Every structure is written in C-alpha cells, then in structure tokens.
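# Geometric and topological summary
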Amino acid sequence: INAEYMGFLKEMDPPQMERTYSMEIGKVKVDISLDADSCLLCANPISAIALGECGHRVICSTCLLRLRWIMKKNACPVCKMPLENLFVTHDLKAKYEDYLVNKAALIPDLEDDKVFFDCKDEFERFKMMRGYICPILDCKKDLHGIKGLDAHLKQNHNRAFCDLCFKHRLVFIGEQLIFPTHLLKDHMKYGENKGDLRIHPHPLCNFCGKNFYSEEPLQNHLEKLHMKCHLCSDKCKYKYYKDYIELEQHFCKTHYLCQHERCKEKCFVVFGSLEELHIHNHKEHEEYGSSKPLSMNALKAGLFSEQESIPQKQEMMDGIGTVSYTHLTLPTILLVQISVVAVSLKKK
C-alpha cells in the first residue's frame, strides 16, 4: 500500500480479528482488508510496533522508523498526527501513557533521543540496520561510513551496492542489496523478482550510456537533453534523437526541411507537407523561384540536388520568377501560385 495514500485512511481501533479500511484514490473508493497481525504499509506480520501518542498499532516498527529516519516524516501515516516520542516494543497492546511515565527505564536510541526501546533485541536490530556493518555473515566488520563499507565489499568480497538502488530505494543500509560485481549488469538489465522483493530494471539511455532507476527519470532526461520530432504522429512520440544534427537528418528524410541558410540557422523550420514548404519558400525566400531545380527525391528529402534534377522552364515576367510546376499536384500548384501573386502585390 502506497504510503502517500495513508492520509485518506479512516482512524482505526486497536487490532481486531480482521480490519477493513476505506480510502479514496482520485474519485475511486477502495476497500482494503488486512489480517489483524499485518502491517498496513508492508503487509508483513507485525512482531514489534513503534508506539506514538496517537496510539495506532497497525504499522510495524520497521516501517514507522523507516518513515521517520529515512524519509524524514515524523507524522503517523494513519492519522497524520506529529509523533514526538516513539516507544518500540513487542507488546502489541501496550499503552503510550505507560511508557511516557517509565521513560527512564527504557533504552534510548543512539542517534534519535526521542525514540526508546523496551527490548534489547529490537535496539540491536536497528543498530545493525543503520550501521555501516559488512553484511557478509562470516565478516560483520564495522566500517566507517558508506565509502568505507563500499570499498571493503569490493576489495574483500568482490561485492558491490547498486548505486541507483542505494540512492533511490528508501530503506535502511542493512536492507540494501549487494551483488557480485560481475552480476551488476544483469541486475541493471533485468531487475529483481524474488519473493516479496520487486525491483524493476534500470532503463538505459542509449545516447549517453547511462542507466536510470526507473522510466520516469529516464523520460525526464530524454526530454531535457535529447530531441524529438514535433511533426511525427503519437505513435512516434517517445522516439528521441541524440541531438539536433540527428533530428535534422530525420527532418530531411521524413518531412520537408527548408534548406535556406537563414532558416537552417534558426533550426526547426520544417513542414509536414510539400505544399507548406512551397508556400514558405515563396513567402520568405522569393529567390527560390530562380533557384536550382529540384527533383522529387530531393524535394522529399528537403535537399537540393544537381545530380537528380528535372529540367524546369523559367521565364521572366514583370520581374517575377515563374517555375514550371508540372511535377506537382493541382492543389500544390494553386497554393504556390497564390503565394506568388501575394508576393507580387506586396512588392507593388
């Protein structure tokens, strides 16, 4: 269950045989049923809770302290009440007031003086999960900082963290995955799907050779640093080009690019049809009326070609260059001639 939706949950009572909650996602109302001993966030059986002032006991201690220490969210995910103190216990029926009175008898956390434990095993478990301790069973060496742990794993065990998972998976260090260094590429390509663990593949930008944690940051990267064609249909809306040079080649091959130097310097002066290109030429570049002849292949590619040219007749009439349009369709001829007349009138 996504923690972002916890604010929609109704306030609930202490655990019963079965719990049913309702929440709204957009305009859709969803009913959720959980066993009495299941965590509302991870759905795993609850063995210990982190009890706050609101008294809700439906979140396991791991999820609540992960929210507090990793995601920096101190509010109860059920009722949104800010939780100043937390008491970690195996007693699922414990009362907050009892611990508040007997705080001196509890074990304080080493880093968060507002979190207390009534059992040493939970205290040690979270100490291990947050510490820079080698996860290899026969090692368990306590290192200094993440750089020391990372170097130790590579040098002594030929193991490594996935940098993307380490940065984006909001879990404790002790919950991060380590991989044999030669299998990191497989993890990037295929992700993980083992038991309850689901990690999607880390998609690759083929232009930069850089992996991203998920599709969303890859999409943002492509939008910011690479190019896509604004003329192509929706079926090609996710096709990208490395830079404008490659995109311009696509324009020449698929659309109708204006080859005038001034327009090429502007970039993106490209049209979806031959008619539009001719209208543009006669409006913006009247000298094209007496330019080098164009073949149909060159017109399609948006390129001037001397080798594949079709002879065209030119006449001078009142100083306006007129071109034979025998290779064009009737609508195209009409549009071009209208543009020529418009230019002529403007000059007069």
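Refer to the structure printed above.
Read on for an overview of the structure. Computed from a prediction, not measured in an experiment: that's the story for all the values here.

So, on to the overall build of the protein chain. What the protein chain contains, in helices and strands, is 12 helices and 16 strands. The proportion of buried residues among the 348 residues of the protein chain is 40%. Within the protein chain, contacts between residues at least 6 apart in sequence are counted, and of these 38% link residues at least 24 apart. Put simply, the protein chain shows about 21,500 Å² of open surface, and 54% of that area lies on carbon and sulfur atoms.

Counting through the fold element by element, Glu122 comes out in helix α3 (residues 120-130). Overall, the relative accessible area of 4% leaves Glu122 in the buried class. Residues in contact with Glu122, not counting those within four places in the same chain, are Ala48, Ser61, Val88, His90 and Phe117.

With that settled, the discussion passes to unusual backbone geometry. With phi around 70 degrees, Lys80 is a residue other than glycine that occupies positive phi space. Turning to its location among the elements, Lys80 is positioned in the loop between α1 (61-69) and β4 (86-89). In the Ramachandran plot, Lys140 falls in the positive-phi region, its phi being about 55 degrees despite a non-glycine side chain. Mapped onto the elements of the fold, Lys140 is located in the loop between α3 and α4 (145-157).

Our next topic: the packing of α1 against α3. At a closest axis distance of 12 Å, the pairing of α1 and α3 adopts a crossing angle of 45 degrees. By the angle between their axes, α1 is oblique relative to α3. Here α1 runs over α3; the crossing is right-handed. Between α1, through Ser61, Thr62, Leu65 and Trp69, and α3, the contact on the second element is made entirely by Glu122, Arg125, Phe126, Met129 and Arg130. Residues that form the contact of α1 with α3 fall into these classes: 4 nonpolar, 2 polar and 3 charged.

Turning next to the sheet that holds β4. Spatially, the 4 strands line up as an open sheet ordered β3-β4-β6-β5, and their pairing is mixed. Edge positions in the sheet fall to β3 (49-51) and β5 (107-108), since each of these pairs with one other strand and no more. Packing against the sheet, α1 makes contact with β3, β4 and β6 (115-117), and its axis sits at approximately 150 degrees to β4.

For the coordinates displayed, the defined rule picks out 1 cavity of 30 Å³ or more. Reported here for the largest cavity is a volume of approximately 60 Å³. In this structure, the largest cavity is lined by Ala50, Gly52, Cys54, His56, Ile59, Leu64, Cys76, Pro77 and Leu83. Partitioning the lining of the largest cavity into residue classes produces 7 nonpolar, 2 polar and no charged.

Let us now look at the environment of Gly52. With respect to the helices and strands, Gly52 occurs in the loop between β3 and α1. With 12 residues separating them along the chain, Gly52 and Leu64 place their C-alpha atoms 9.9 Å apart. Apart from the residues within four sequence positions on either side, Gly52 is in contact with Leu83, Asn85, Leu86 and Tyr96.

Moving on to the pairing of β4. Going residue by residue along β4, you find Leu86 and Val88 tucked away on one face and Phe87 and Thr89 tucked away on the opposite face as well. The pairing of β3 with β4 spans 3 bridges and is classified as antiparallel. Considered in β4, the bridge of Ala50 is made with Val88. Sheet topology places β4 next to β6; 3 bridges connect them, and they run parallel. Residue pairing across strands places Leu86 opposite Val115, the latter belonging to β6.

Basis of the calculations
Residues numbered from 1 in each chain as written. Predicted model: local features only at pLDDT ≥ 70, side-chain atom pairs only at ≥ 80, totals over all residues. Heavy atoms only, no water. Helix = DSSP H or I, 4+ residues; strand = E, 2+ residues; numbered from the N terminus. Buried < 20%, exposed > 50% of the residue type's maximum accessible area, 1.4 Å probe, protein only. Contact = heavy atoms within 4.5 Å. Areas by Shrake-Rupley, 256 points an atom, 1.4 Å probe, with all protein chains shown as cover. Axes fitted to C-alpha atoms, helices over the stretch in contact; angles between N-to-C directions. Parallel < 35°, antiparallel > 145°, perpendicular 65-115°, else oblique. Left-handed = near helix turned anticlockwise from the far one by under 90°. Nonpolar A, V, L, I, M, F, W, Y, C, P; charged D, E, K, R; others polar. Pairing = 2+ DSSP bridges. 1 Å grid on protein atoms, 1.4 Å probe; cavity = no way out; pocket = protein on both sides within 12 Å on 5 of 7 lines; lining within 4 Å. Points joined across faces, edges and corners; volume = space filled by probe spheres on them.

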